[in-house]
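If you want the building blocks of each chain, they are given just below.
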Amino acid sequence: MADMDTETSTQAVVGEEEPLFSNLDLFLFSLIVGLVIYWFMSRKKPEPIPEFKKIDTPAPAARETSFIEKMKKTGKNIIVFYGSQTGTAEEFANRLSKDAQRYGMKGMAADPEEYDMGELSRLSEIKNSLAIFCMATYGEGDPTDNAQDFYDWLQENDDDMSGLNYTVFALGNKTYEHYNAMGKYVDKRLEDLGAKRIFDLGLGDDDGNLEEDFVSWREQFWPAVCEHFGVEASGDELSIRQYELKEHTDINMNKVYTGEIGRLKSFEVQKPPFDSKNPFLAPVTVNRKLNKAGDRHLMHLELDITGSKIRYESGDHVAVFPTNDSVLVNKLGQILGVDLDKVISLNNLDEESNKKHPFPCPTTYRTALTHYLDITHPPRTNVLYELAQYASDPKDQENMRKMASSSPEGKALYQSWVLDASRNILAILEDMPSLRPPVDHLCELLPRLQARYYSIASSSKVHPNSIHICAVVVEYKTKTGRTNKGVATNWLKNKLVTDNGHKSTVPMYIRKSQFRLPFKATNPVIMIGPGTGIAPFVGFIQERGWLKQQGKEVGETVMYFGCRHKNEDYIYQEELEEAEKNAVLPQLHVAFSRDQDQKVYVQHLLKKNKENIWKLIHNDNAHIYVCGDARNMAKDVQSAFHDIAEELGGMTRTQATDYVKKLMTKGRYSQDVWS
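Quick caveat: nothing in here was measured; it's all calculated off a predicted structure.

Trainee: Go over helix 19 (residues 573-581) with me, naming the residues and quoting the values.
Mentor: Within an α-helix, residues lying three or four positions from one another point in the same direction, as the helix has 3.6 residues per turn. Along helix 19, the positions that sit buried rather than exposed are Gln 573, Leu 576 and Ala 579. Along the axis of helix 19, the buried residues cluster in a sector spanning 135 degrees; they form a single face. Those residues of helix 19 that are exposed and angled more than 90 degrees off the buried face are Glu 574 and Lys 581. The elements touched by buried residues of helix 19 are helix 17 (535-549), helix 18 (566-569) and strand 23 (587-592). Trailing helix 19 by a residue or two, Ala 583 shows a phi angle of about 65 degrees, which is positive.

Here it is as structure tokens:
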């Protein structure tokens, strides 16, 4: 009884409190149990999946990365790799691979970024094989973007290349410090690894006549190849088409490219990350004229990158994809009697080629000539050679073939009639009425319209969602009385903030640069940038000002700027004087070259302030930055530094030159120059 009482009384006490498990408890308990079971099941599940995947799912990368296998499969024995930033090296590579056919061999052009370059040592598996390298140098002796991995691989690997036959044609510009550095490096490095050079390194100088350098080299190169492999030239000089035309009569217009660089509809549905194959359409928020007077048009544009996830640093370059002037496109259509809105594809006759089309297809002739093809540069000699067959006047035919030869009179004719007269393809067709090529062959031969690079004129610390461009509009009269206009600058000039109620946009991406402010903000900086060379320094000054606002200690900031007239083209005057007033820019030196009888340039001001300059460089570890024209200004500035080192450092000319070279090697003398 007693026990029962105890039990009853206990129950009574419990009954007066909450029940042991409320509905909520039960629900939460069930949920936890459910989650635990789910977690166990989901942990177990993936185990059998790899097996299942192996059987049913094809590997996503169907792209062939073995150029050896590809060459064996397609019977090719010559491979032409190109390191190309602006498309010229790629163009030369295509010409050489096409040439091979004329010499009874089979060639293919190849982007080193797409293949496993570790296979070079295996090329000897293919009889009579040869690797040709068309290598351009970018910026301060750097490899082009698509050759960066190959360059790294060459530096890190010591593979035995004794079975490899090779030759190199380098593309560069003599006005730059590191003339043809990339081509020279590839040539030397392959030799060091035991490869056999079968023809001398070719040096192409874009400051002179790159086309002539290439034609002369190529003319001697092929006979040397024939001799080396014991083959006879076929003598077949006929034009060889690489693509065949397909006209689309009944096609869904949603499948037609309208100017996109990579993915179809990429301009309608924008997806990051943005790069050279997938540019971002940045709205133009500011487009103003910078100069107060004069006959030039200097402009400042601001591009909005909000929401794009694009990041940039001061000193980087913005690449923009321009379009050709519709007036030129329409005139080409008229002169060739073409329906520009016809939808076409140019399909590679070599089905195994990675390059299925010369530009995105299907598209219209109008889109190809507007967005994809370069119609404003004077055409190269191979274009004239291939088009010669369509001239009905034998004299025209003869002249066009002559211009494409390496004979002295042919070179002179090409120089005077095409280059000196700045004749683009339209001018050639207008001045040679007997020449009327089929438009599809012309489209096959014209080079691709390339992105244009501009030094960014803003700091991401101050403008994280905006990229600023500073440029001068290119327009000039040619010897034939025509007015030629720069493609990109005239296109940018017309990018009004709103165009008929629509926002103007610019397809763009960022190219990283080595042109960087010193890691230590306390290092002094000496910036030298006449004209639009001021662009990156506007960003540098903004950044130094921002660092000061953050309470950081900032070294001396010195600016040497030059323009023609104080009242005409002293661009960014307000910004510079404001920075000077706020002690962000303690030293501002401006050379107005034409405001007095004697011309005064930035290098003259450098010498005038030589004691201060020498103290900053020699004692205070200053970093020097030069931006602008490579041909004259950059050389004259460098020479001024040689003079200062010689005079104030008590050095010989050789020592002074070495001193400045050392500054460059240490990253304390940087150049962002163009010619």
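Moving on from the model shown.
Trainee: Tell me what's going on with the pattern of salt bridges, and back it up with residues and numbers.
Mentor: This model, assessed by the stated rule, comprises 41 salt bridges. One salt bridge in this structure joins Glu 268 and Lys 265, with 3.5 Å as the shortest N-O distance. For Lys 512, the salt bridge is made with Asp 316, and the minimal N-O distance between the two is 3.1 Å. Of this pair, Lys 512 sits in the loop between strand 20 (505-511) and strand 21 (525-528) while Asp 316 sits in the loop between strand 10 (298-304) and strand 11 (317-320), placing them 196 residues apart in sequence. You can call Asp 316 buried: its relative accessible area is 0%. In this structure, a network of salt bridges that share partners links the residues Lys 98, Asp 99, Arg 102, Arg 218, Arg 241, Glu 386, Asp 440 and Glu 444.

Trainee: Give a description of the environment of Val 286 that names residues and reports values.
Mentor: Structurally, the position occupied by Val 286 is in strand 9 (residues 280-289). If sequence neighbours within four positions are ignored, Val 286 has contacts with His 300, Leu 301, Glu 302 and Val 497.

Trainee: Describe the sheet that holds strand 9, listing the residues and the values that go with them.
Mentor: One open sheet accounts for six strands, arranged 14-11-20-9-10-15; its pairing is antiparallel. Each edge of the sheet is formed by a strand with only one pairing partner; in this case those strands are strand 14 (452-455) and strand 15 (466-472). Here the average twist between neighbouring strands, direction ignored, is 40 degrees. In this structure, strand 11 lies alongside strand 14, joined through four bridges in antiparallel fashion. Within strand 14, the position partnered with Val 320 by the bridge is Arg 452.

Quick notes on the rules
- Residues numbered from 1 in each chain as written.
- Predicted model: local features only at pLDDT ≥ 70, side-chain atom pairs only at ≥ 80, totals over all residues.
- Heavy atoms only, no water.
- Buried < 20%, exposed > 50% of the residue type's maximum accessible area, 1.4 Å probe, protein only.
- Helix = DSSP H or I, 4+ residues; strand = E, 2+ residues; numbered from the N terminus.
- Arc of directions from axis to C-beta.
- Contact = heavy atoms within 4.5 Å.
- Salt bridge = Lys/Arg side-chain N within 4 Å of Asp/Glu carboxyl O.
- Pairing = 2+ DSSP bridges.
- Axes fitted to C-alpha atoms, helices over the stretch in contact; angles between N-to-C directions.

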